[in-house]
Amino acid sequence: MELLNNQYVIDGVPLQDLIEKYDSPLYVYETAKMEKQYKQLVNSFKSSRVKVYYACKALSNINVMRFFCKLGAGLDAVSIQEVMLGLEAGYEPADIIYTPNCVSLEEINLAVKKGVRINIDNISILEQFGHEHGNNVPVWIRINPHIMAGGHQKISTGHIDSKFGISIYQMPHVQRVIETNNMLVEGLHMHTGSDILDVEVFMQGIEILLDTAKGFPDLECIDIGSGFKVAYREGDNYTDIEAFGHSLSERFKDFCTDYGKDLILAFEPGKFLVSEAGYFLAKVNVVKQTTSTMFAGLDTGMNHFIRPMFYDAYHQILNVSNPSGKLRIYTVVGYICETDTFGWNRKISEISEGDVLVFKNTGAYCFSMSSNYNSRYRPAEVLIHNKKDYLIRKRENIEDLTRNQVILDNVL
Ligand SMILES: *Cc1c(COP(=O)(O)O)cnc(C)c1O
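Bear in mind the structure is a predicted one, so any value in this text is a computation, not a measurement. (Residues numbered from 1 in each chain as written. Predicted model: local features only at pLDDT ≥ 70, side-chain atom pairs only at ≥ 80, totals over all residues. Heavy atoms only, no water.)

Some thoughts on unusual backbone geometry
The test is simple: Runs of H or I in DSSP of at least four residues are treated as helices and runs of E of at least two as strands, each being numbered from the N terminus. Buried, partly exposed and exposed residues are distinguished by accessible area as a fraction of the type maximum, computed with a 1.4 Å probe on protein chains only: under 20%, between the cut-offs, and over 50%, respectively.
At the junction of serine 24 and proline 25, the peptide bond is cis and its omega measures out at -10 degrees in the coordinates. One can find proline 25 in the loop between helix H1 (15–22) and strand E4 (26–30). Although it is not a glycine, cysteine 102 adopts a positive phi angle of roughly 55 degrees. If you trace the backbone, cysteine 102 turns up in the loop between strand E7 (96–98) and helix H5 (105–114). The class for cysteine 102 is exposed, based on a relative accessible area of 63%. One non-glycine residue, asparagine 345, adopts positive backbone phi at about 45 degrees.

Right, dumping it as structure tokens:
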């Protein structure tokens with residue numbers, strides 16, 4: 001997004017025009033930024049055989065999935081429904097890695113039928129899967145490396161109480177399960193969920209993963225998950241992908257030499273690929289001065305955009321209708337009957353009722369976490385591709401709210 005002739009534009013398209021055309025509130029995504037992020041990641045690891053799986057729970061519009069498919073990405077799916085959407089979007093089954101947590105063996109077997117790669121994260125399912133499929137269906141295994149990143153809770157990776165992955169301390173038993181059932185393990189995986197700001201710390205987790213990998217002779221792929229940090233505030237730090245690429249590529253090359261095979265190095269970023277490509281636009285319904293606070297109340301709320309309330313996430317807010325006005329202090333809130341505050345005490349260019357505000361960095365975990373709470377319609381989504389805007393999801397209407405309700409006409 002840039003300011004051109006006192007208008008915020010994305011890839012040449014003015015945001016104010018989009019609101020006039022598609023109404024408010026509105027999610028807008030730009031493919032140019034997605035492509036830039038994807039290429040940066042791939043290029044940072046170009047000395048390895050690298051494969052990027054787009055973690056589509058971040059933003060699961062089929063057009064976005066399809067765009068990454070065209071770029072050459074695979075897909076990381078955490079539910080059978082994401083697998084089905086991925087197939088619909090055009091991914092080859094072999095390019096989809098299904099990485100569920102605590103799902104039933106029935107659901108996993110549905111994924112087997114679809115032909116996608118299966119990643120297993122607990123011994124109980126591994127065992128049942130082995131009994132049923134032996135070496136007919138190869139698996140990946142998700143490990144939990146138990147590393148504490150610098151002792152800081154929020155960036156601690158795969159901690160001991162985490163529900164994810166199979167503990168590295170359980171590998172002897174995993175080996176027994178595999179041998180007994182004659183299973184074929186083709187991938188080892190970890191996803192720590194941490195913000196990888198500190199490359200060194202992340203390398204510690206990788207060392208453990210690589211060490212574990214020595215015990216699995218049939219590997220084709222090492223998947224180190226994701227957790228790349230993006231900048232939410234102006235001047236925020238973000239993961240230095242090039243530096244990370246440099247450290248990891250060297251190390252991975254050495255590992256492959258020792259292992260005796262040129263393995264694939266896989267990643268599954270969600271946030272890194274789509275967060276900064278997304279913008280959420282909403283209109284100001286009311287400017288309300290109370291005794292202590294100046295509120296700007298929007299035509300949206302936590303039903304459409306929950307990260308600020310759910311994760312205390314910070315998202316930059318700008319006034320699209322008055323980009324260069326006097327800066328004043330506002331607390332920006334939603335219209336839901338709860339305290340749904342998007343941002344406290346923000347300096348924003350002077351707001352009038354009817355103005356359009358934009359939240360930055362709203363491509364990941366924003367629309368995909370939206371709901372119909374307060375019986376509101378979910379917003380429309382628009383994609384900007386090659387300087388043109390396309391509607392990629394219609395705004396909901398009353399039928400969407402009533403469609404699945406069974407009205408008890410003869411009873412009530
Ligand atoms: C959510 C998830 C990701 C993506 O995480 P980001 O922080 O958005 O990059 C990758 N892999 C798995 C298994 C996930 O559950």
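On we go.
With respect to the pattern of salt bridges
Note the following rule: By salt bridge we mean one thing: a side-chain nitrogen of Lys or Arg within 4 Å of a carboxyl oxygen of Asp or Glu.
Going through the model one piece at a time under the given rule, you end up with 11 salt bridges. In this structure, the salt-bridge partner of lysine 51 is aspartate 95, at a minimum N-O distance of 3.2 Å. Remark: aspartate 95 occurs in the loop between helix H4 (80–89) and E7 and lysine 51 occurs in strand E5 (residues 49–55); sequence separation between them is 44 residues. Glutamate 186 is the partner of arginine 117 in a salt bridge, and the nearest nitrogen-oxygen pair spans 3.8 Å. A residue pair is termed long-range when its members are at least 10 positions apart, and arginine 117 in strand E8 (residues 117–120) and glutamate 186 in strand E11 (residues 185–189) qualify at 69 residues. Residue classification places glutamate 186 among the buried positions, given a relative accessible area of 14%.

Focus on the domain arrangement of the protein
The line we're drawing: Just so you know, the domain bounds were taken from an automatic or database domain assignment. Any two residues whose heavy atoms approach within 4.5 Å at even a single point are treated as in contact. Here the quantity called buried area is the total loss of accessible area, with a 1.4 Å probe, experienced by two parts when brought into contact, counted for both. Any N or O atom pair separated by 3.5 Å or less is treated as a polar contact, with the protein-specific requirement of one donor-capable and one acceptor-capable atom, and with residues adjacent in sequence counted only for side-chain atom pairs.
What the domain assignment lists for the protein is domain 1 (2–28 + 275–402) and domain 2 (60–269). Each of domain 1 and domain 2 has a C-alpha centre, and the two are 34 Å apart. With 13 residues of domain 1 in contact, the opposing surface of domain 2 contributes 10 residues. A buried area of about 990 Å², summed over both sides, lies between domain 1 and domain 2, and 52% of it is on carbon and sulfur atoms. Of all residues in domain 1, the largest losses of buried area upon contact with domain 2 belong to Tyr314, Gln316 and Ile392, amounting jointly to 43% of the total for that side. In this assembly, domain 1 and domain 2 are joined by three residue pairs in polar contact (both at pLDDT 80 or more). Of all elements in the fold, only strand E20 (380–385) and strand E21 (388–393) reach the threshold of two or more residues within the side of domain 1 that touches domain 2. By residue number, the principal contributor to the side of domain 1 that touches domain 2 is E20, which donates three residues.

Description of the site of the ligand
The cut-off we apply is this: Think of it this way: one heavy atom of a residue within 4 Å of a molecule or strand is enough to make that residue near it. Using the Shrake-Rupley algorithm and a 1.4 Å probe, accessible areas are obtained, with residue cover drawn only from the displayed protein chains. Gly counts as polar in this scheme, as do all residues outside two lists: the nonpolar Ala, Val, Leu, Ile, Met, Phe, Trp, Tyr, Cys and Pro, and the charged Asp, Glu, Lys and Arg.
Surrounding the ligand, one finds 14 residues, the nearest of these being Lys57, Ser226, Glu268, Lys271 and Tyr365. In this structure, a nitrogen atom belonging to the ligand sits 2.4 Å away from a side-chain N or O atom of glutamate 268. Separating an oxygen atom of the ligand from a backbone N or O atom of glycine 270 is a distance of 2.9 Å. Here the ligand, which alone exposes 390 Å², has 89% of that area covered by the protein. Residue classes in the shell around the ligand are distributed as four nonpolar, five polar and five charged.

A short note on the pairing of E8
Quick reminder of the rule: In this scheme, strands are said to pair when DSSP sees at least two bridges between them. A crossover counts as right-handed when, viewed with the strands pointing away from the observer, the path leading from the first strand over the helix to the second turns clockwise.
As paired strands, E7 and E8 are joined by two bridges and run parallel to one another. Directly across from tyrosine 98, in E8, lies its bridge partner isoleucine 118. In this region the chain leaves E7, passes through H5 and returns to the parallel neighbour E8; the handedness of that crossover is right-handed. Direction of pairing for E8 relative to strand E9 (residues 139–144): parallel, over a ladder of three bridges. Paired with isoleucine 120 across the two strands is isoleucine 141, which belongs to E9. In this view, the connection linking E8 to its parallel neighbour E9 by way of helix H6 (residues 123–133) has right-handed handedness.

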